[in-house]
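Coordinate inspection notes
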Amino acid sequence: MPEQLSLDAVSLLTVWTAVAIYALAFIAYTIDLARRSADAVDRQDALVRERELVAAGGETISQVRASEERAAASLSARGRERSRPVWARIGTSLTWLAFLFHLTGAVLRGIAAERVPWSNMYEFALTGTVLIVAVYLAVLFRYDLRFLGAFITGLVAVLMGWATLLHVDVVPLADPLKSVWLVVHVFVASLATAFFALAFALSVTQLLQARRERKAAAADAKTGPRFLRILPGADTLESLAYRFAIVGFIFWTFTLIAGSIWANDAWGRYWGFDTKEVWTFVIWVLYAGYIHARATRGWRGTRSAWLSIIGFSAVMFNFTIVNLFFKGLHVYSGIS
């Protein structure tokens, strides 16, 4: 027992270390957004001034050509600089480091408990946030989503800090949890949540970008937060969110089916309208509606984004409020 407690203590220490490094990564990503957005504003302002001078006839032909050449050279140099965003790289490197500490904390918790580390609310939060970061880092190999780095690292740091307040000592598993379905069902649910989290982040960014684009089109001026000017357009963000939501929905569908099979093994029935069962189905319906509405009913833009956001809000409600304040067979918060 002392050895288990010691491992759990080391696990908690590595978790807090990960939280601190995630906070540093959040700062680095924020600096990157600030620097690149300021750079974009400077370039746009310089081009506007040059066009105004040309339109006003304030320069000779040779001066105009020389000015255009300087502008082109400046844009080329800054383009190369943007392709090597130093602070974004620092943020990503710190995120990888935090992820390793984070993963170590989860593994040590599992070793201390001699089982998979997701049988109570603290452990599920620990594993779920590991998978959110893992999916984010894996996606970076295909898509450059470092503009979401501040959002993801900030969200994970807050969730992990909150989860440590729910820390409970290692206790034996409840009888219904002593099943192989604990490994499969909960892990896949965590993986689905990770993809839903990315879709949620993209949908929030999409709403901000769409609002800026509408104002810019109406006023023929650049409006909204400056960092939005260096992000992809609202349509691109929506398309990415939709892709991640589909992957998450597939995993969540498996979660719902596997949960029913597990319920039959544990309690002799596939469905019993338990609070957790109902909310798992509600989440499935929300995302099914989101995917169907966007694919067949043409629900694009703001309405599509809000459906994605509502879906993830239901996921978080299911994880927090249902676990803490509702009674049922599936509530294993571990908090007395």
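Residue positions within a chain follow its written sequence, with the count starting from 1. Under the rules for a predicted model, residues below a pLDDT of 70 receive no local features and side-chain atom pairs below 80 are neither given nor counted, while totals for whole chains, interfaces and linings still include all residues. As a rule here, side-chain values come from all non-hydrogen atoms in the structure, and water together with hydrogens is ignored.

Going by the annotation in an unreviewed UniProt entry, the name recorded for the chain is C-type cytochrome biogenesis protein CcsB, with Microbacterium binotii given as the source organism. UniProt positions are given in the numbering used here, feature names are shortened, and annotations may be inferred rather than shown by experiment. Taken from UniProt, the Subcellular location (unreviewed entry) comment for the chain reads in full: "Membrane".

Concerning the UniProt feature "transmembrane region" (unreviewed entry) in the chain
Summarizing the sequence annotation, UniProt attributes the feature "transmembrane region" (unreviewed entry) to residues 12-31, 86-112, 124-141, 148-168, 180-205, 240-263, 278-293 and 305-326 in the numbering used throughout. The way it works is that DSSP assigns letters per residue, a run of H or I at least four long becomes a helix, a run of E at least two long becomes a strand, and they are numbered from the N terminus. Here residues 148-168 runs as 76% helix and 0% strand, with 32 Å between its end C-alpha atoms. Helix and strand shares over residues 240-263 are 100% and 0% respectively, and the end C-alpha atoms of the span are 34 Å apart.

What to know about the pattern of salt bridges
Whenever Lys or Arg places a side-chain nitrogen within 4 Å of a carboxyl oxygen from Asp or Glu, that contact is recorded as a salt bridge. With the rule as written, the count across this model stands at 7 salt bridges. The closest approach of N and O atoms between Arg36 and Asp32, which form a salt bridge, is 3.0 Å. Taken together, the residues span about one helical turn, with Arg36 and Asp32 both in helix H1 (residues 2-56) at a distance of 4 residues. The partner of Arg269 in a salt bridge is Glu277, with the nearest N and O atoms 2.9 Å apart. Under the relative-accessibility criterion, Glu277 is labelled buried at 6%. What you see here is one network of salt bridges that share partners, running through Asp8, Arg109, Arg115 and Glu123. For every residue, the accessible area obtained with a 1.4 Å probe (protein chains only) is divided by the maximum for its type, and the residue is called buried under 20%, exposed over 50%, and partly exposed between those limits.

What about empty space enclosed by the protein?
Only protein atoms enter the 1 Å grid used here. Points where a 1.4 Å probe fits but cannot escape make up a cavity, open sets with protein on both sides within 12 Å along at least five of seven lines make up a pocket, and a residue lines them when an atom lies within 4 Å of a point. Grid points are joined across faces, edges and corners, and a volume is the space filled by probe spheres set on the points. Scanning the model with the defined rule gives 1 cavity of 30 Å³ or more in all. For the largest cavity, the lining is made up of 40 residues, of which Phe124, His185, Val186, Ala189 and Lys276 are closest to its centre. Looking at the lining of the largest cavity, the element that brings in the most residues is helix H7 (residues 234-267), giving 9 residues. For the lining of the largest cavity, the residue count by class is 25 nonpolar, 13 polar and 2 charged. Residues are grouped as follows: Ala, Val, Leu, Ile, Met, Phe, Trp, Tyr, Cys and Pro are nonpolar; Asp, Glu, Lys and Arg are charged; every other residue, Gly included, is polar.

Let's talk about a nonpolar patch on the surface
Distance thresholds for patches are 9 Å for like charges and 5 Å for nonpolar side chains (Val, Leu, Ile, Met, Phe, Trp, Tyr), applied to residues having over 30% relative accessible area and no salt bridge. Accessible areas in this description were obtained via Shrake-Rupley with a 1.4 Å probe; residue shielding takes into account the shown protein chains only. A contiguous nonpolar surface patch, about 750 Å² in accessible area, is contributed by Ile257, Ile261, Tyr270, Trp271, Phe273, Val278, Phe281 and Val285. Counting residues per element, the ones that place at least two in the nonpolar patch are H7 and helix H8 (275-296). Assignment of secondary structure puts Ile261 in helix H7.

What to know about the environment of Arg146
Position of Arg146 relative to the elements: it lies in the loop between helix H4 (121-139) and helix H5 (149-164). The spacing of Arg146 and Arg89 is 57 residues in sequence and 8.7 Å in space, taken between C-alpha atoms. Definition of a polar contact: a pair of N or O atoms within 3.5 Å, with one able to donate and the other able to accept a hydrogen when the atoms are protein atoms, and with sequence-neighbouring residues admitted only if both atoms are side-chain atoms. Of note is the side chain of Arg146, whose polar atom sits 2.9 Å from the side chain of Asp144.

What about the packing of aromatic side chains?
In this scheme Phe, Tyr and Trp rings, the latter by its six-membered ring, pair at centre separations within 6.5 Å, and the angle between planes marks the pair as stacked below 30 degrees, edge-to-face above 60, and tilted otherwise. Inspection of the entire model under this criterion finds 16 aromatic pairs. With centroids separated by 5.4 Å and ring planes inclined at 40 degrees, the aromatic side chains of Phe124 and Phe319 adopt a geometry described as tilted. Residue Phe124 is found in helix H4, and its partner Phe319 is found in helix H9 (residues 302-319); the two are separated by 195 residues along the sequence. Here Phe319 falls in the buried class, since its relative accessible area comes to 10%. Note on Tyr242 and Tyr290: the rings are 6.1 Å apart at their centroids and 75 degrees apart in plane angle, and the pair reads as edge-to-face. Here Tyr290 lies in helix H8 and Tyr242 lies in helix H7, a separation of 48 residues in the sequence. Neither Tyr242 nor Tyr290 differs from the other in exposure class; each is buried. One aromatic cluster is present, built from ring pairs that chain together Tyr143, Phe195, Phe244 and Phe251. One residue, Arg294, lies across the ring of Tyr242, its end atom 4.3 Å from the ring centre. Two conditions define a charge sitting above a ring: the NZ of Lys or the CZ of Arg must be within 6 Å of the ring centre, and it must be within 35 degrees of the ring normal.

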